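Here is what each chain is made of, one letter per residue.
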Amino acid sequence: MMAGMADVVIVERSESTAVVTLNRPGQRNALSSELIRAVPPILAELDADDDVTAIVLTGADPAFCAGLDLKELGSTGGNLGVGGADGSARRGPFGELSTPLIGAVNGVAVTGGLEYALACDFLIASDRAGFADTHARVGVMPGWGLTVLLPQAVGVRRARQMSVTGNYVDAATALAWGLVNEVVPHDGLLPRALQLGRDIASNDRAGVAQMLRTYRATSDVDGATAWEVESRLAAEWSPRISPEEVERRRGAIQDRGRGQVGG
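Just so it is clear, the structure is predicted and the values come from calculations on it, not from any experiment.

J.: How should the overall build of the chain be read in this particular structure?
T.: Helix and strand counts for the chain stand at 11 helices and 9 strands. Partitioning the contacts of the chain with sequence separation of at least 6, the portion at a separation of at least 24 is 74%.

J.: What is the right way to read the environment of threonine 99 from this model?
T.: Position of threonine 99 among the secondary structure elements: in the loop between α2 (70-75) and β4 (101-105). A residue is classified by how much of its surface remains accessible, and threonine 99, at 2% relative accessible area, is buried. Considering only alpha carbons, one finds threonine 99 and arginine 205, 106 residues apart in sequence, at a separation of 8.4 Å. Sequence-distant contacts of threonine 99, that is, excluding residues within four places in its chain, are made with Asp47, Val52, Thr53, Ala54, Ile55, Asp121, Arg205 and Leu212. Polar side-chain contacts of threonine 99 include one of 2.7 Å to the side chain of aspartate 47.

J.: Could you clarify how one ought to interpret the packing of aromatic side chains in this entry?
T.: To describe a pair of aromatic rings, you give the distance between the ring centres and the angle between the ring planes. Inspection of every chain in the model, using the stated rule, returns 2 aromatic pairs. One aromatic cluster is present, built from ring pairs that chain together Phe94, Tyr116 and Trp144.

J.: Sorry, what's going on with the nonpolar core here?
T.: Across soluble globular proteins, you tend to see nonpolar side chains buried next to one another. Counting residues in each nonpolar core, the largest one holds 56 residues, and the members touching the most others are Val9, Val20, Leu57, Val105, Tyr116, Phe131 and Leu150. Of all hydrophobic cores here, the second largest spans 13 residues; its members include Val56, Ile102, Ala193 and Leu196.

J.: Any chance you could explain the sheet that holds β4 here in plain terms?
T.: Two modes of strand pairing occur in sheets, parallel and antiparallel, and in both the strands are linked by backbone hydrogen bonds. Across the sheet, 6 strands lie side by side as β1-β2-β3-β4-β6-β9; this open sheet has mixed pairing. Every other strand in the sheet has two partners, leaving β1 (9-14) and β9 (182-184) as the edge strands with one partner each. On average, each strand axis in the sheet is tilted by 25° relative to the strand beside it, whichever way the strands run. Bridge count between β4 and strand β6 (residues 122-126): 4 bridges; the pairing is parallel. Its bridge partner being in β6, isoleucine 102 is matched across the sheet by phenylalanine 122. Sheet strands in contact with helix α1 (residues 33-47) are β1, β2 (17-22), β3 (54-59) and β4, and its direction is about 20° off that of β1.

J.: I'm lost on the pattern of salt bridges in this one. Help?
T.: Oppositely charged side chains can form a pair if their charged atoms are brought close together. Applying the stated criterion to the full structure yields 6 salt bridges. Taking the shortest distance from any N to any O, the salt bridge between aspartate 69 and arginine 24 comes out at 3.0 Å. You can see aspartate 69 sitting in the loop between β3 and α2 and its partner arginine 24 sitting in the loop between β2 and α1, a full 45 residues away along the chain. As far as burial versus exposure is concerned, aspartate 69 and arginine 24 are alike and both buried. For arginine 258, the salt bridge goes to aspartate 255, with nearest N and O atoms at 3.3 Å. Here arginine 258 and its partner aspartate 255 are both found in helix α11 (residues 243-261), 3 residues apart, which amounts to about one turn of the helix. Arginine 258 gets classed as partly exposed once you look at its relative accessible area, which sits at 40%.

J.: Help me understand the side chain of aspartate 133, please; the structure alone is not making it clear to me.
T.: Inspection of the secondary structure assignment puts aspartate 133 in the loop between β7 (130-132) and α4 (135-138). Among buried Asp, Glu, Lys and Arg side chains, aspartate 133 stands out as unpaired, with arginine 137 the closest opposite charge at 10 Å. There is a polar contact of 2.5 Å between the side chain of aspartate 133 and the side chain of histidine 135. Within the structure, aspartate 133 has its side chain in polar contact with the side chain of serine 163 (distance 2.5 Å). Leave out the neighbours within four places in its chain, and aspartate 133 touches Thr111, Leu114, Leu146, Met162, Ser163 and Gly166.

J.: Explain α11 here, please?
T.: End to end, α11 covers 26 Å across 19 residues, agreeing with the expected 27 Å (1.5 Å per residue, within 8%). Regarding α11, the residues found buried are Val246, Arg250, Ile253 and Gly257.

J.: Would you take a moment to explain the sheet that holds strand β5 (residues 108-110) for this structure?
T.: Across the sheet, 3 strands lie side by side as β5-β7-β8; this open sheet has mixed pairing. One side of each edge strand has no neighbouring strand; the edge strands of this open sheet are β5 and β8 (169-170). Relative to β7, β5 runs parallel, the two sharing 3 bridges. If you follow alanine 109 over to β7, its bridge partner there is phenylalanine 131.

Rules of the game
- Residues numbered from 1 in each chain as written.
- Predicted model: local features only at pLDDT ≥ 70, side-chain atom pairs only at ≥ 80, totals over all residues.
- Heavy atoms only, no water.
- Helix = DSSP H or I, 4+ residues; strand = E, 2+ residues; numbered from the N terminus.
- Contact = heavy atoms within 4.5 Å.
- Buried < 20%, exposed > 50% of the residue type's maximum accessible area, 1.4 Å probe, protein only.
- Polar contact = N/O pair within 3.5 Å; in protein donor to acceptor, adjacent residues only side chain to side chain.
- Phe/Tyr/Trp six-rings, centres within 6.5 Å; stacked < 30°, edge-to-face > 60°.
- Core = buried A, V, L, I, M, F, W, Y, C linked by side-chain atoms within 4.5 Å.
- Pairing = 2+ DSSP bridges.
- Axes fitted to C-alpha atoms, helices over the stretch in contact; angles between N-to-C directions.
- Salt bridge = Lys/Arg side-chain N within 4 Å of Asp/Glu carboxyl O.
- Lys, Arg positive; Asp, Glu negative; His and termini not counted.
- Expected span 1.5 Å × (residues − 1).

None of this, on its own, says anything about what the molecule does.
Okay, structure coming up:
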């Protein structure tokens, strides 16, 4: 494997599978402005590479992604609205890719991090993974498709429960609810994701891309406008967000999360 790209993102290759690692482990890969801006062009470049047949998105241990960096959000708010959550109805945090994107969820995936996971075509989870939507606790609204994709994965009632309580769902529950495809031992997470990458590579690449396009088209038959609605409402909400209020809440939010998932 070869490492490269920006410090906040590491890109490695294993045969025809690219592994993209969110690399702010000291901040649990929280989404700073820099990280939010770095990921989409990296994925777009890999998507355009004829030698890449699958992409794995993961995080540097101990977390997959803890959501928006609350320290930045509570000081300048500079990471709010970066990367499409601004009323433009962009399709998730990355846009649409023709290359399958496998989420390898190695730890907690929270709020914006949960949206990063939901933007993947399917998810393999470590037994250390945990999932939470804390948008309402922080006082921000989702703009990367959470209210579209989370109900598709777990059903609308479970999605509402996650969003209005902010409670964590562990890996076993996520599997039972259909949020993730598989749960594997932590050390086996990346090997399993890479095996699935090899399985994808064994198929016709154009056929794989067309299959993904077909799934997206059929999934949108009843809910295409939901993306526009969520993005518009998020943009309308944004002026109400106070960095000072986020900073006031930050400690309690982090303490509650640690109490639910440990660490």
